[in-house]
There are 2 protein chains.
Amino acid sequence: MQPRPRTIPEATVARLAVYLRVLATLADGGRSTVSSGELASAAGVNPAGLRKDLSHLGPCGVRGVGYDVALLRDRLTRVLGVERAHGCVLVGIGNLGSALADYAGFGTRGFEFVGLFDASPARIGQRIGSLQVRALDELEDVVAATGASIGVLTTPAEVAQRVCDRLAAAGVRSILNFAPVTLTAPAGVDVRKVDLSVELQVLAFLGQQRVPAGVGESA
Amino acid sequence: MQPRPRTIPEATVARLAVYLRVLATLADGGRSTVSSGELASAAGVNPAGLRKDLSHLGPCGVRGVGYDVALLRDRLTRVLGVERAHGCVLVGIGNLGSALADYAGFGTRGFEFVGLFDASPARIGQRIGSLQVRALDELEDVVAATGASIGVLTTPAEVAQRVCDRLAAAGVRSILNFAPVTLTAPAGVDVRKVDLSVELQVLAFLGQQRVPAGVGESA
DNA sequence: GGCACTTTGTTCCTGCGTTCACAAGCGGCT
DNA sequence: AGCCGCTTGTGAACGCAGGAACAAAGTGCC
């Protein structure tokens, strides 16, 4: 009865977001159809895997032809839930927070910042884009008033857990954490972590592993 | 003959980096030993998984007691290859690039920016921290002079691939890409991608999946 | 109208990552 | 010195993601 199996693997969802971006680019370029091979190449994945990913949302291509760019884009937009813009609050307006608040790429992808917060009086009142930085005290009120569903944390590590708790209590259901700590959130609240140091350390490891420099250097 | 099996799964490496950070915090707090359960809890993973991760680098705990904090931290530091600082070049000094260049967290974790580059004359010469933004022309020279092994891309999507090619040609072996495009690099060059929009879209999907809001909203 | 080519959607299979459960080893107590 | 409890390290099973190969289907051409 349900056309969608309703359970799409998380790894697949992440790739769907990538496909969506590629499709947007193709649509801008005037393309009307794409084959799985071409799309997979642009997204950096295996063609078979791409078709399997897409199969999770039912048949949406035409055999012998490929996928309709606009159609597939709209369907992905719906499935990913970015049909309507999601309100986001951003806590911690340091360097990284300011950069994110000012990043234009979010607005065009279904996300809109509806509140910027910081604890430092020096930051409060500062304008970034079309928003003003507010005091942390107003966090709950703004979340309630705007119905923001996503919280982005760019605070120092020491206060991240406390802010996370407040966001969850205020009704935010998804949190994107840039602070270098592992957060614990109540059930029903999703937390995703972006850790730049970890990414660099993985790269460092892969680099040194590829060339075990210093091992056989005895000449 | 080789004490290390030499092949550590990438997912494990990412977690090792997390453990390392937790250990650093514990060491600062004066703790001398930790059990796998406590460490796993702080890192947000399964205790058994943590022990398996650690087993990849040989026995390094004491049964009945736990792990020596300082000892394990040093060993992880060595294994991850952040014993010596890695030189990083950062290309694209926009909002995000500036934030990363100014982020103090990297220096304490074995990474040091040795060059900041931008194509815009308006940016060139600007000082961020202890470095000056240089013209993109100098990229190859600086990489050669400093032996930088890691490149960080925070450029617009349109030029990311070109810069990636130049970095690879200049001898950079690891690239961390923040630009919203899928890069292709020659063999021997590792590319890791951090895509903020994708993270948000995954959150949006998980949020809407949990509550099919809008289905019963007849009011 | 029929045929062949192209491309999707699916199925099978292989490999990896994760988890659970047990045996081995070490410290502390008696 | 011997025993007990605690914790690590490892072996095995489960589940999942990724990749390759095959069948179905639709288009364009002859």
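Please read these numbers as outputs of a predicted model, since none were measured by experiment. (Residues numbered from 1 in each chain as written. Chains lettered and ligands numbered in written order. Predicted model: local features only at pLDDT ≥ 70, side-chain atom pairs only at ≥ 80, totals over all residues. Heavy atoms only, no water.)

Focus on the overall build of chain A
Here is step 1: A count of helices and strands for chain A gives eight helices and 10 strands.
Here is step 2: Look at the contacts in chain A between residues 6 or more apart in sequence, and 55% of them connect residues 24 or more apart.
Here is step 3: A total accessible area of about 10600 Å² is found for chain A, and carbon and sulfur atoms account for 52% of it.
Here is step 4: For chain A, the distance from the average position of its 22 positive side-chain charges to the average position of its 20 negative side-chain charges is 9 Å. (Helix = DSSP H or I, 4+ residues; strand = E, 2+ residues; numbered from the N terminus. Contact = heavy atoms within 4.5 Å. Areas by Shrake-Rupley, 256 points an atom, 1.4 Å probe, with all protein chains shown as cover. Lys, Arg positive; Asp, Glu negative; His and termini not counted. Charge placed at Lys NZ, Arg CZ, Asp CG, Glu CD.)

A word on the protein's contact with DNA strand D
Here is step 1: Near DNA strand D there are 22 residues, and of these Arg15(A), Lys52(A), Arg63(A), Ser36(B) and Tyr67(B) occur at the shortest range.
Here is step 2: Counting only atoms of DNA strand D within 4 Å of the protein, the sugar-phosphate share comes to 66%.
Here is step 3: Contact between DNA strand D and Lys52(B): a base nitrogen at 3.0 Å from a side-chain N or O atom of the residue.
Here is step 4: Here Gly61(B) contributes a backbone N or O atom positioned 2.9 Å from a phosphate oxygen of DNA strand D.
Here is step 5: When contributions to the surface near DNA strand D are tallied by element, the ones reaching two or more residues are helix 3 (47-55) of chain A together with helix 3 (47-55) of chain B.
Here is step 6: A per-class count over the surface near DNA strand D returns eight nonpolar, seven polar and seven charged. (Near = heavy atom within 4 Å. Polar contact = N/O pair within 3.5 Å; in protein donor to acceptor, adjacent residues only side chain to side chain. Nonpolar A, V, L, I, M, F, W, Y, C, P; charged D, E, K, R; others polar.)

Focus on the state of the cysteines
Here is step 1: Considering all chains together, one arrives at zero disulfides over all chains under this definition.
Here is step 2: Here Cys88(A) stays unpaired: no disulfide links it, and the sulfur of Cys164(A), its closest cysteine neighbor, is 15 Å away. (Disulfide = S-S within 2.5 Å.)

Here's the deal with the domain arrangement of chain A
Here is step 1: We note that the domain assignment places domain 1 (10-78) and domain 2 (86-199) within chain A.
Here is step 2: The distance between the C-alpha centroids of domain 1 of chain A and domain 2 of chain A comes to 31 Å. (Domains from an automatic or database assignment.)

Re helix 3 of chain B
All names here are of chain B.
Here is step 1: Taken together, the buried positions of helix 3 are Leu50, Asp53 and Leu54. End-on, the buried residues of helix 3 take up no more than an arc of 95 degrees, which puts them together on one face.
Here is step 2: A side-chain oxygen of the first residue of helix 3 lies 2.8 Å from the backbone nitrogen of Ala48; this N-cap is Asn46. (Buried < 20%, exposed > 50% of the residue type's maximum accessible area, 1.4 Å probe, protein only. Arc of directions from axis to C-beta.)

Section: helix 8 (residues 196-210) of chain B
All names here are of chain B.
Here is step 1: For helix 8, spanning 15 residues, the distance from its first C-alpha to its last is 21 Å, which sits close to the expected 21 Å at 1.5 Å a residue.
Here is step 2: The element helix 8 is extensively covered by neighbouring structure, given that 12 of its 15 residues are classed as buried.
Here is step 3: The set of residues buried in helix 8 consists of Leu196, Ser197, Val198, Glu199, Leu200, Gln201, Val202, Leu203, Ala204, Phe205, Leu206 and Gly207.
Here is step 4: Taking the backbone nitrogen of Ser197 as reference, a side-chain oxygen 3.1 Å away marks Asp195 as the first, capping residue of helix 8. (Expected span 1.5 Å × (residues − 1).)

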